[in-house]
Amino acid sequence: MSKPIKLAILGLGTVGTGVINLINDNLDELKRRSGRDIIITEVGTRRMRDDIDPDISQNADLLAIAASDNVDIVIEVIGGTTLAKDVIMHAIKHGKHVVTANKALLAEHGNEIFALAETHHVHVAYEAAVAGGIPIIKVMREALAANKIEWLAGIINGTGNFIMTEMRDKGRPFAEVLTEAQELGYAEADPTFDVEGIDAAHKLALLASIAFGIPLQFDKVYCEGITEITLQDVSYAEELGYRIKHVGFAVRRSDANGDTSIELRVHPTLIPQDVLLANVNGVKNAVLVNSHPLGQTLYYGDGAGAGATASAVMADVMDLVRVLGSNGQDNHINNSHHVPHLAFIPEQLSDTTILRAEQMTTGYYLRVNAHDNPGVLADITRILSDAGINIDAILQKPAHKVGQVPVIIVTLPVVESQMNTAIEKIETLESIIDKVVRIRLDELA
Ligand code: HSE
């Protein structure tokens, strides 16, 4: 066998510990597949641990580890965008390959990090950054390499999906389920990243880049979380044949002149109950990809947790081990022989327009709380029809408070600016009690 591959693991939280456990459990399989021994030489941790193999050096100086001659591949699982960035840039400059689960860092600084990696002929692998254990990065960069991707829709935050599932199935309160997700190691260090949609937006930015060959543009992702979703809307959606899920969309649009633009958005969405995506529950993630000529394909699995994330981290390590193995003594990768970081060769990334929220097109679920007066429904539907909005279904519920009726309207797809104008007008009607509740809707057809 060739000389062993030496790993450094920076961060011993849920994921770092999961990687150590995976290597302990599956080392024979890893060696049989790669033809190389794989050893952890260094771990980076602020608190020294007495449950770590004494042959592994523990060090709080992450920059020193990143530059160490005793390391071939640096696994960054500390998270965050400051120290993690410094460490990764340092590792790249010292010729180390990097495996990271850090979606926030790559979504915000990936363009810079990947460019530096290209210059230094090393690779930054990030399968674990999106959808946990589902090998979606490998699928999109490699298995779908011959396809033109038209759109993708993904449930890409396990914590959010776990919360939505528990609320719907068991009527459990939001805060209680979030605490459980934190205990299970699913949630981000700052759980607002999960429930406000930011974590999903980070992942969507990565998926969109490798789908369409565009630079990372996290700042252009429209982002809405699940904190405003009520059990009332969950139940009305079910009655109408839909389920509310937090979904990330990356959609290629073509206008009448044939010009292409892209929608990047994460938000709660009503999707038909009978599509597979609507039945992705708990911490599971799934990504539905519509590509030409393949059509729709769906990728499903655990989106968070130690085992799932460690599986993705080590799949990246195995890819690198094979490339390094083929290069003999030289640890540098020949860029032209390696899958590009963002699936397309860097000079071919395009500056396709990313649409602003008011330019995006979706269906809508509206809930209007109105006084039970004659003509209210007619007023609302007239405003929608004057705005050119096509109504697909209407549901008027019995008064839940004396004299107040919830009116539920489902519309066909409409440009958001048209819907904004219509909602502003509806809210000026005298019979309307509260602000109109709106949730986007997609048939995923
Ligand atoms: N907090 C993330 C989630 C972890 O819940 O999906 C995996 O990225």
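About the thresholds
By convention here, each chain's residues receive numbers from 1 onward along its written sequence. Only residues with pLDDT of 70 or above have their local features reported here, since the model is predicted, and side-chain atom pairs are shown and tallied only from 80 upward, although totals for entire chains, interfaces and linings are computed over all residues. To obtain the side-chain values, all non-hydrogen atoms of the structure were included, while hydrogens and water were left out. When the centres of two rings from Phe, Tyr and Trp lie within 6.5 Å, Trp using its six-membered ring, the rings pair. Their planes under 30 degrees apart give stacked, over 60 give edge-to-face, and anything left gives tilted. Strands here are runs of E lasting at least two residues and helices are runs of H or I lasting at least four, both read from the DSSP assignment and numbered beginning at the N terminus. Consider the ring centre and the ring normal. A charge sits over the ring if Lys NZ or Arg CZ is within 6 Å of that centre and within 35 degrees of that normal. Near, as used in this document, describes a residue that has one of its heavy atoms within 4 Å of the molecule or strand being considered. Nitrogen and oxygen atoms within 3.5 Å of one another constitute a polar contact, given that in protein one can donate a hydrogen and the other can accept it, and given that sequence-neighbouring residues count only through two side-chain atoms. Residue burial considers only the protein chains on display, and all accessible areas are found by Shrake-Rupley using a 1.4 Å probe. In this classification, Asp, Glu, Lys and Arg are treated as charged, Ala, Val, Leu, Ile, Met, Phe, Trp, Tyr, Cys and Pro as nonpolar, and every other residue, Gly included, as polar. Paired strands, in this sense, are two strands between which DSSP finds at least two bridges. Working rule for contacts: check all heavy atoms of both residues, and any pair within 4.5 Å makes them a contact. To define axes, lines are fitted to C-alpha atoms, for helices over the stretch in contact only, and angles between the resulting N-to-C directions are given on a 0 to 180 degree scale. Note on classification: 1.4 Å probe, protein chains only; a residue is buried when its accessible area is under 20% of the maximum for its type, exposed when over 50%, partly exposed between these limits. Note on terminology: a nonpolar core comprises buried Ala, Val, Leu, Ile, Met, Phe, Trp, Tyr and Cys residues joined through side-chain atoms within 4.5 Å.

Next up on the list: the packing of aromatic side chains. Considering all chains together, one arrives at 2 aromatic pairs under this definition. Summarising the aromatic geometry, the rings of Phe114 and Tyr126 are spaced 5.5 Å apart at their centres and angled 35° between planes, so their arrangement reads as tilted. Residue Phe114 is located in helix H4 (residues 103-119), and its partner Tyr126 is located in the loop between strand E6 (124-125) and helix H5 (136-143); the two are separated by 12 residues in the primary sequence. A centroid spacing of 5.7 Å and a plane angle of 85° characterise the contact between Phe162 and Tyr186, whose relative ring orientation is edge-to-face. You can see Phe162 sitting in helix H6 (residues 158-170) and its partner Tyr186 sitting in the loop between helix H7 (174-183) and helix H8 (192-195), a full 24 residues away along the chain. Here Arg265 stacks its cationic end above the ring of Phe249, 4.6 Å away from the centre of that ring.

This part covers the site of the ligand. All residues adjacent to the ligand are Lys103, Asn157, Gly158, Thr159, Tyr186, Ala187, Glu188, Asp194, Asp199, Lys203, Gly303 and Ala304. The contact in question runs from a nitrogen atom of the ligand to an N or O atom on the side chain of Glu188, over 2.6 Å. Within the side chain of Asp194, a nitrogen or oxygen atom sits 2.7 Å from a nitrogen atom of the ligand. With the chains in place, 94% of the 260 Å² that the ligand exposes on its own is no longer accessible. Looking at the shell around the ligand, the elements with two or more residues in it are H6 and helix H9 (198-212). Taken together, the residues that form the shell around the ligand break down as 3 nonpolar, 4 polar and 5 charged.

What follows is about the sheet that holds strand E4 (residues 73-76). Taken in spatial order, the 6 strands line up as E3-E2-E1-E4-E5-E6 in an open sheet, and their pairing is parallel. Strand pairing shows two members of the sheet lacking a second neighbour, strand E3 (57-59) and E6, which therefore form its edges. The strands touched by helix H1 (residues 14-34) within the sheet are strand E1 (5-10), strand E2 (38-44) and E4, with E2 carrying the most contacts at an inclination of about 160°.

Assignment of secondary structure puts Leu207 in helix H9. Taking the relative accessible area as the measure of exposure, Leu207 reaches 0% and is therefore buried. Between the C-alpha atoms of Leu207 and Val313, which are 106 residues apart in sequence, the distance is 17 Å. Sequence-distant contacts of Leu207, defined by excluding residues within four places in its chain, comprise Val130, Ile136, Ile137, Met140, Leu152, Ile156 and Val287.

It is worth spelling out the environment of Asp351 at this point. Its place among the elements puts Asp351 in the loop between helix H11 (306-326) and strand E13 (353-354). A relative accessible area of 75% means that Asp351 is categorised as exposed. Spatially, the C-alpha atoms of Asp351 and Asp72 are 35 Å apart, while their sequence positions differ by 279 residues.

Turning our attention to the nonpolar core. Of all hydrophobic cores here, the largest spans 58 residues; its most connected members are Ile92, Tyr126, Ile136, Met140, Leu152, Leu207 and Val289. The element that contributes the greatest number of residues to this core is H9, accounting for 10 residues. Counting residues in each nonpolar core, the second largest holds 31 residues, with Leu12, Ile73, Val77 and Met318 among its members.

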